[in-house]
Structure formats: C-alpha cells, structure tokens
Amino acid sequence: MAAFKTSPPVAGARYALPDALRGLTLLSMIAYHGCWDMVYILGADWPWYQSTGAYLWQQSICWTFILLSGFSFSLGRRHWRRGWLVFACGAVVTAVTLVVMPGQEIWFGVLTLLGSCMLLGALLEKILARVPAGAGLAVSAVLFALTRNVNRGCLGFEGLRLAALPEGLYRNMATAYLGFPFSGFHSTDYFSLVPWFFLFLTGYFLYRLTRRYLEAAPDFGHCKPLCALGRRSLLVYMLHQPVLYGVTMLLRALGLPS
C-alpha cells in the first residue's frame, strides 16, 4: 500500500473541501440571519424560529465556522496580521450595532472570537506543534464539551450540568470576553474565548490528522461557486448584514409582512 506524504503543510495552500464547506455554511448563515431580521425587526410570527430545530441550525453554523477556522490555521500566512484584521472587523461590527441598532448590539461576536483565536494560535504555534495530533484533538474536544456551559454559570454540555462555577468569576466585560458574563450582560451574537477556543483547537488538530488525505485529493469536494464564496468569507460576512438590513427596511416601508 502506497504511503501518503507527510511533509509539513504548505502555507497558503488551498484545498477544495474546506473552501466549499465554508461557502455552504455562509449561505446557511445568510439564510439564518435573514430569518432573524424578519422575526426580530419586522415582527414575523414564526414560532418555528424559537424551536430546537432552529437552535440546532444556528449551532451548526457557528460550530462549522469555528472548526474550519482552526482547521485552516496551519494553511494561512501572516497569522498575526490576519488575526488583527479579523479582530478589527469584529470591533467595527460592535461599533456599528451600538450606533445603528441600540438594544441589539453585539459584544464579543464571532469575528472578535475568530480574531482572538488566530492571535492565540500564533502566540502558541510552536507549543501546539509539539502536541501529538490525536491527543490534542481528544483533549480539545473534551475541554470544549466540559466548558460548553460556562456562559451559564456551570461546567457541562447543553442540558448536562456537572458543577456550578463560583459567582466571583462573573464580574465585568473582561470576564465576559473570557467566558464569564456578568449579570445584565447582553449581546445578540456572543462567542467568548471559553469554550470556543477549544473548538478552534479541535479544528487545528483535526487538520493535522487529516492533511495527508487532503494532499492526496486536493480537489475533492470542489464546487466552483461554493469555493469562490468560501475564499471570500470575511468580505461576505461584513457585507451580508448591511444588505439584509437594507432589504428588511425596504420590506418594512412596503408594510411587509402584513
């Protein structure tokens, strides 16, 4: 049986599958946010949007984006530059929502998280490279599952509560950024470092385990429109909400939905 190559990853390499998955997830995100605007801005009566199914839809989007960001980390160039750019875009989103949508502002949204993860990844890159990929994947996944509920004041995953955390952890905006939001904290898009950095690391180690297969079939999963969209994910993310908001305002002016 022929062995796969095990050469170091080539920075800047493109593989079709992660690009296509990112493009598909962008389309899902745009549809989800369009529904959000219809329900919370136009007042559409869509009970299904509050259902478990809609929650799973939302979770599938954020999990995929964060996993893919970690997965693609080793393929990127200029991690510090990219991290600060994404972090700055997150700050722009926060500033715009504070001005344009008071009461629906975004603190520590997904772009702030992804930028932070990239910067932490750049800082820890040499250390992470020494961790065996299989062990790193297992530990990161377990830590993500264990800390999934820290925003709610406990350890555990979704409905499973393992142990309450000290109330003293939940103090201010700095602790909210880390994963411990204070009483009264509100954000319409909230992704703290804990637990989500562990999901980013899960993607990082998953890439290291699977890159030989990507190298063997770099065009697997190729879909030209989705790949093109996936390669421009940051631009699409920054533009999609202003476009959706404009469409929402037009529908409101037309008296829709009735």
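Residues numbered from 1 in each chain as written. Predicted model: local features only at pLDDT ≥ 70, side-chain atom pairs only at ≥ 80, totals over all residues. Heavy atoms only, no water.

*Asks:* How do you make sense of the state of the cysteines when you look at a structure like this?
*Replies:* Think of a disulfide as a covalent bridge from one cysteine sulfur atom to another cysteine sulfur atom. Scanning the entire structure with this criterion turns up 0 disulfides. There is no disulfide at C223, and the cysteine sulfur nearest it, in C227, is 6.5 Å away. Overall, the relative accessible area of 1% leaves C227 in the buried class. (Disulfide = S-S within 2.5 Å. Buried < 20%, exposed > 50% of the residue type's maximum accessible area, 1.4 Å probe, protein only.)

*Asks:* Looking at this structure, how should I read the layout of surface pockets?
*Replies:* Picture a little ball the size of a water molecule; that probe, rolled over the atoms, points out where space is still empty. Here the largest pocket defines a volume of roughly 1,200 Å³. As for the largest pocket, its lining consists of 41 residues, of which H33, I106, T188, D189 and Q241 are closest to the centre. Of all the secondary structure elements, the ones that give two or more residues to the lining of the largest pocket are α1 (16-40), α2 (52-72), α3 (79-100) and α9 (233-253). Sorting elements by how many residues they give to the lining of the largest pocket places α2 first, with 7 residues. There is about 860 Å³ of room inside the second largest pocket. In terms of lining, the second largest pocket is formed by 33 residues, of which the most central are R22, S72, R82, M118 and S233. Take the lining of the second largest pocket: its biggest share by element is 5 residues, from α3. (1 Å grid on protein atoms, 1.4 Å probe; cavity = no way out; pocket = protein on both sides within 12 Å on 5 of 7 lines; lining within 4 Å. Points joined across faces, edges and corners; volume = space filled by probe spheres on them. Helix = DSSP H or I, 4+ residues; strand = E, 2+ residues; numbered from the N terminus.)

*Asks:* What exactly am I supposed to notice about the pattern of salt bridges here?
*Replies:* When their charged atoms lie close together, side chains carrying opposite charge are able to pair. For the structure shown, the criterion picks out 4 salt bridges. A salt bridge links E158 to R148; the shortest N-O distance between them is 3.5 Å. Highlighted residues: E158 in the loop between β1 (154-157) and β2 (160-164) and R148 in the loop between α5 (133-147) and β1, separated in sequence by 10 residues. Where salt bridges share partners, they join R148, R152 and E158 into one cluster. (Salt bridge = Lys/Arg side-chain N within 4 Å of Asp/Glu carboxyl O.)

*Asks:* Is there a simple way to explain unusual backbone geometry in this structure?
*Replies:* In terms of backbone geometry, most residues other than glycine have negative phi values and most peptide bonds are trans. Backbone torsion omega between V194 and P195 reads 15°, so that peptide bond is classified as cis. Of note, P195 is situated in helix α7 (residues 193-216). Within the chain, R78 stands out as a residue other than glycine whose phi angle is a positive 50°. Locating R78 in the fold gives a position in the loop between α2 and α3. We classify R78 as exposed; its relative accessible area is 58%. Phi at F108 takes a positive value of approximately 55°, unusual for a residue other than glycine. With respect to the helices, strands and loops of the structure, F108 is situated in the loop between α3 and α4 (110-130).

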